[in-house]
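Structural overview
Residues per chain, in single letters:
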Amino acid sequence: MEKKKNGQKKKRRWIKFVVIILILLVILFLFFRRSGNTTFGFTNEVAEKRDIHTTHSFSGSIAPVTEEVVQSPQTGLKVKNLLVEEGDTVKAGDVLMVMDTTTLEEAVKEKEAAMASAEKVSSVAIRQASNNLNTYQQNLAENLDAQMLASQQAVDASYTALINAEKAFNNEVTLNNKGLSASILSTTTAVQSSYNALKNTEATVANADKATADKALESPRLAYNQALQNYEAAKLNEENTLTTLYDNVVTAQNSYLNALDNYRAAMKTSDLQMKNYQFALESARAQADTTLSELQLADLKRQLGDCTVTAPIDGVVTALPVKVGDVAAVAGLATITQFKDMKIDIKINEYDILGAEEGKDVTIIVDALNKTYEGKIKKIAKVATVEAGVSYFKSEVEFLADEDTRSGMSVEVKLPIYDLENVLTISNKAIQTEKDGSAYVNVYGADGKSVEKKSIVCGVSDGMYTEIKEGLKEGDTVLVPMDFSQGMVVVE
């Protein structure tokens, strides 16, 4: 039973739907017939001339072009007197507040006392370092430096010893080469004498018998042999003497070289000591230099005379975050704003940048005031900013404000792109697009009833109407497809 009821309801819905469709078709037929259009699904439109104006629209908020934060002339100072209030109008040079100078006055006194004390200490240090240097230089000049004197005497003594050793060795070598050495000479003489004695004895006993001759020659032969032995011993002794004298020369040379090394070391030590005394004097003089302290003192005195805070520009005190007794804040003591020239920061999309140029006129709409102002694009960034994959160029618009404008108000900036007058146009609804992107419109065929396509060349569009550059002339009729989705009623 229930299924039957549901079926009847659905049937009634379909009947209503069909009736409504028939009614709509009748209405459309009567409409087209009254308007003279006998082609179903289209409305007529005539190509006509009109003005087309296109703009880019940007949103932003008003901000002052000139705004300066007044900083404290010195950090750490307290506000002593406050001469303005927030909202006051001031001129450049007007006194805004006076700072407390107590801290600076104490700093000046401390610096002056420190400089006086440092001057006394430095004077004593310079005198002491100068005396040390002069005394050492005098000792060197008078050869009273103990180490230098000892090393010089050692060089002189070792040099004399070397000369004597070389002389003794050379003399002995000369005598030895000539055979004039005392030991050699005496032994040579003894050999010759004993030899002569032996020969004389041999001549004397030449006619004697053998026994007598042998007995007579025994003593001379012994003497001669002994002389020969003494000669050989003298030669060996002479070689030993030469070796000893040569060793003495080598030893003397080493002693002399060591003495020279010691002397040079003493010289280096002396030079180093001299440089140490000179450096001590230079350091004392450098520490006595008061240039930096004088500059610091001058800066403190300058700060002491610069404790009056004045307005840097004409304008209005828009922020005054301090009160009497507050220490000067890093963020600033006050903010002075000029409201005559105002600016608007906007973001120009990368696809709109070709129509934007610095110096180009714009229209500024302030909805809150129901006013319109004229302005110019002052700056356009050369480098795009990218956020969430979208690129835009930061830009600044300036305009001459009036007493109604307020910083922070939201505005709309309109940038004219095209300004065409008296050009042939049709509505955007009449323009159709082929798959290849070319544009066309529907027109009546030669019989006045059929529909044909006609290619056109489009120009600028303002969103409702489009300029037609080719394909139509003024007064031509085009067919605009109807949008049946508008006003369609669905019956439940």
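First, a word on scope: everything that follows refers to the structure included in this document. (Residues numbered from 1 in each chain as written. Predicted model: local features only at pLDDT ≥ 70, side-chain atom pairs only at ≥ 80, totals over all residues. Heavy atoms only, no water.)

1. Here's the deal with the packing of aromatic side chains
Counted only if it meets this: Between the rings of Phe, Tyr and Trp (Trp by its six-membered ring), a pair exists once the centres lie within 6.5 Å; its type follows the angle of the planes, with under 30 degrees stacked, over 60 edge-to-face, and the other angles tilted. Helix numbers and strand numbers start at the N terminus; a helix is a DSSP run of H or I with at least 4 residues, a strand a run of E with at least 2. Burial classes: relative accessible area under 20% of the type maximum marks a residue as buried, over 50% as exposed, and values in between as partly exposed (1.4 Å probe, protein chains only). Criterion for a charge above a ring: Arg CZ or Lys NZ at most 6 Å from the ring centre, at most 35 degrees from the ring normal.
Under the criterion given, the structure shown has 3 aromatic pairs. With 5.3 Å between their ring centres and 50° between their planes, Tyr159 and Tyr256 make a pair best called tilted. Here Tyr256 lies in helix α5 (residues 210-288) and Tyr159 lies in helix α3 (residues 146-178), a separation of 97 residues in the sequence. Taking the relative accessible area as the measure of exposure, Tyr159 reaches 41% and is therefore partly exposed. Ring plane angle 50° and centroid distance 5.5 Å describe the contact between Tyr195 and Tyr224, whose orientation is recorded as tilted. You can see Tyr195 sitting in helix α4 (residues 182-204) and its partner Tyr224 sitting in helix α5, a full 29 residues away along the chain. Taking the relative accessible area as the measure of exposure, Tyr195 reaches 33% and is therefore partly exposed. The cationic tip of Arg50 hangs over the ring face of Tyr465; the distance from NZ or CZ to the ring centre is 3.8 Å. The side chain of Lys453 reaches across the aromatic face of Tyr440, ending 4.8 Å from its centre.

2. Remarks on α5
Note on helix geometry: an α-helix contains 3.6 residues per turn, so any two residues three or four positions apart are oriented the same way. Applied cut-off: Expected helix span is computed as 1.5 Å times (number of residues minus one). To get the bend at any residue, fit one axis to the seven residues that end at it and another to the seven that begin at it, then take the angle between the two axes. For the purposes of these results, a polar contact is taken to be a pair of N or O atoms within 3.5 Å, where, inside protein, one atom must be able to donate a hydrogen and its partner to accept one; residues adjacent in sequence count only when each atom of the pair is a side-chain atom.
Taking 1.5 Å per residue as the helical rise, α5 with its 79 residues ought to reach 117 Å, and the 115 Å between its terminal C-alpha atoms agrees with that figure. The sharpest bend along α5 comes to roughly 35°, located at Glu218, with the proline Pro220 sitting one to four residues further on. Backbone nitrogen of Ala211 and a side-chain oxygen of the N-cap are separated by 3.2 Å at the start of α5; the cap is Asp209.

3. Thoughts on the pattern of salt bridges
Spelled out, the test is: A side-chain nitrogen of Lys or Arg and a carboxyl oxygen of Asp or Glu constitute a salt bridge if their distance falls within 4 Å.
Inspection of the entire model under this criterion finds 11 salt bridges. With its nearest N and O atoms 3.5 Å apart, the salt bridge here joins Asp326 to Lys323.

4. A short note on the environment of Ala203
Topologically, Ala203 is positioned in helix α4. Measuring from C-alpha to C-alpha, the distance between Ala203 and Ala213 comes to 9.9 Å, with 10 residues separating the pair along the chain.

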